[in-house]
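Letter by letter, the chains look like this.
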Amino acid sequence: MARHVVAPVAELPPGSRKFITIDDRPIAVFNVNGEFFGLMNRCPHQGAALCEGPLIGLAQSSDPGTIEYTKLGEIIRCPWHGWEFDIRTGQSYCDPRRFRVKAYAAHVEPGATVVKGPYVAETLSVSVESDYVVVDL
Amino acid sequence: MNMQFRPGAAPDAPGSIKTAIADCDIHPARKGGLKDLYPWMAKRWHEHLEIYGKHPYQGMMEGPPYPKAQPNASRRDAYPPEGGQQGSSLSFMQQQHLDPNNVALGILCPLQTGQGIRNQDLSAALATAVNEWQIAEWTSKDSRLKGSIVVANEDGPAAAAEIRKWAGNKNFVQVLLLSRNVEPLGQRRYWPIYDAAAEAGLPVGIHAFGFGGNPITASGWPSYYIEEMVGHSQCQQTALASLVLEGVFERHPGLKMVMIEAGFGWAPSLSWRLDKSWERMRSEVPHVKRPPSEYIRDHIYWTTQPMEDPESRQHLFDVIDWVGWDKLLFATDYPHWDFDDPSRVLPPGVSDGNRQAFYLDNARKLYGIA
């Protein structure tokens, strides 16, 4: 498993996302309320750029007329057909058996740790004073 | 190496189809709304539109009765970089769809054209302008694209005149109607349209949707958009049954029609029911001389999107065997949100000949494109 430095934390404020390609894989990294998530940017249904869709909540119902709306901002909705996936796990709520999108662990590491490696960050210059978003691949 | 992904572009998976395809349902949009059509409309209509607007058959509102699941019912990744709504930029359509998907023939199906409004003179003026606009903005700029003749659907004589005006013009390959009109499509008020299309040797495409003032279902207005989505196939069935039972195909033995964006999985079951009833009630419709299924098989083509997607691929193949591999026309519905990607729609197990027919040859043959 390689660890990839994606961006300085300051570049990914809450509510933002960054699109990157690692080892030919299109990946998006999200900051949702200070938590970081990595997700394959390709919908397993028909291949659209999944992570260009909006982040919504999860609507569920135990009975007609009752709606529980949870996981606010944690469900990615595909820009084509609207398939929904949990950005924490990549799980589909319509067809979890057949469809899952690859989720990658993303977290923050201090620059002091990052410069020691082993990390891949050819396009970023890393300084010990900053914190960085790191994705495990 | 980490690199910034190009925003707005699709990743590499879709659009990697190698063989040329026909896309028989592309929706070109207008950048500036109805004003884009003004160059081809008399000044009288500019002012009429600004003072009175369009007055649809459908009550109380101008737009579609159900909110769509994505903005403008279109893919969120299809906004042109220069602005405007999805489908309004030829260059971006080329870059995002026509080039990467290897579209050799694209059939334009303009929507929001003035079909289904009550002022018949305005409907006819808008239809003419939309036809001119298709040539000026699309077909003259990209020879892969072919237009559909839009007509004032509720005014048979005006519609027929519009078709005759364009007959023989190579920019157009079909006449376009929508499935939901004031009356079922086989009825005589619409016959001038079929007469003129047959005379011009043009197929008639019948696209799902329409604004005839009737609910999407035969039992009233449903609550949800998902009911409208599946309701299109029900509306298409009533339109097709009407066309068969009113004798339109008996009157025009050479006329072809295309069922656009309404599915085809229901074709066998509708045909079986029609045939069974016809055997018992033939004398009610003596002008229907053959079993209804024969007219349907002989006259009807089906665009594929949204492709039927049963759990078992054999069920799909069984339906296609009934419909005919020579009657399916691949379509994406670009830029709409329920787009079908050409590399993903057909399951494995299809012969090369059938694939070629499905993706390209049937459309070329039907639309007379070499």
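Here is what the cut-offs are and how they apply
- Residues numbered from 1 in each chain as written.
- Chains lettered and ligands numbered in written order.
- Predicted model: local features only at pLDDT ≥ 70, side-chain atom pairs only at ≥ 80, totals over all residues.
- Pairing = 2+ DSSP bridges.
- Helix = DSSP H or I, 4+ residues; strand = E, 2+ residues; numbered from the N terminus.
- Contact = placed C-beta atoms within 7 Å.
- Axes fitted to C-alpha atoms, helices over the stretch in contact; angles between N-to-C directions.
- Parallel < 35°, antiparallel > 145°, perpendicular 65-115°, else oblique.
- Left-handed = near helix turned anticlockwise from the far one by under 90°.
- Nonpolar A, V, L, I, M, F, W, Y, C, P; charged D, E, K, R; others polar.
- Core = buried A, V, L, I, M, F, W, Y, C linked by C-beta atoms within 7 Å.
- Buried ≥ 20, exposed ≤ 12 C-beta atoms within 10 Å, placed from the backbone.
- Expected span 1.5 Å × (residues − 1).
- Arc of directions from axis to C-beta.
- pLDDT = per-residue confidence, 0-100.

Draft legend 1. A look at the sheet that holds strand 9 (residues 328–329) of chain B. Residue and element names in this part refer to chain B. Here we have eight strands laid out as an open sheet, ordered 2-3-4-5-6-7-8-9, and parallel in their pairing. Here the strands that pair on one side only, and so sit at the sheet edges, are strand 2 (21–26) and strand 9. With four bridges connecting them, strand 6 (residues 204–207) and strand 7 (residues 257–260) associate as parallel partners. Looking at strand 7, one finds that Val204 is bridged to Met257. Packed onto the sheet, helix 3 (residues 120–139) meets strand 3 (103–108) and strand 4 (145–150) and runs at close to 175° relative to strand 4.

Draft legend 2. Geometry of the packing of helix 3 of chain B against helix 4 (residues 156–166) of chain B. Residues and elements named next belong to chain B. Orientation of helix 3 relative to helix 4, taken along the N-to-C sense of each, is 20°, at an axis distance of 10 Å. With respect to helix 4, the axis of helix 3 lies roughly parallel. Here the hand of the crossing between helix 3 and helix 4 comes out right-handed. In contact with Gln120, Ala124, Ala127, Thr128 and Asn131 of helix 3, helix 4 contributes Ala158, Glu162 and Trp166. Its residues assigned to classes, the contact of helix 3 with helix 4 comprises four nonpolar, three polar and one charged.

Draft legend 3. Region of the structure containing the nonpolar core. Residues and elements named next belong to chain B. The biggest cluster of nonpolar side chains holds 128 residues, and the ones touching the most others in it are Ile163, Ala197 and Leu329. If you tally residues by element for this core, the top one is helix 3, at eight residues. Once residues within four sequence positions are removed from consideration, Leu329 is found in contact with Ala22, Cys24, Val258, Tyr301, Trp302, Thr303, Thr304, Asn362, Ala363 and Leu366.

Draft legend 4. Examining helix 8 (residues 267–281) of chain B more closely. Residue and element names in this part refer to chain B. Between its first and last C-alpha, helix 8 extends 21 Å over 15 residues, near the 21 Å set by a 1.5 Å rise per residue. Buried within helix 8 are the following residues: Ala267, Ser271 and Leu274. Buried residues of helix 8, seen end-on, are gathered within an arc of 65° and therefore sit on one face of the element. Of the residues in helix 8, the exposed ones pointing more than 90 degrees away from the buried face are Ser269, Lys276, Glu279 and Arg280. Turning to helix 8, the residues buried within the fold contact helix 6 (225–245), helix 9 (292–299) and helix 10 (313–323).

Draft legend 5. Summary view of the packing of helix 4 of chain B against helix 5 (residues 191–200) of chain B. All names here are of chain B. The geometry of helix 4 relative to helix 5 is characterised by a closest axis approach of 7 Å and an angle of 15° between their N-to-C directions. When the axis of helix 4 is compared with that of helix 5, the two are roughly parallel. As for how helix 4 packs across helix 5, the hand of that crossing is right-handed. Of helix 5, the residues touching helix 4 (which contributes Gly156, Pro157, Ala159, Ala160, Ile163 and Arg164) are Trp191, Pro192, Ile193, Asp195, Ala196, Ala197 and Ala200. Counted by class, the contact of helix 4 with helix 5 contains ten nonpolar, one polar and two charged residues.

Draft legend 6. Focus on the confidence of the model for chain A. Put simply, chain A has an average pLDDT of 89, and 91% of its residues get 70 or more. Ranking the helices and strands of chain A by mean pLDDT puts strand 7 (residues 84–86) of chain A first, with 96, and strand 9 (residues 119–120) of chain A last, with 66.

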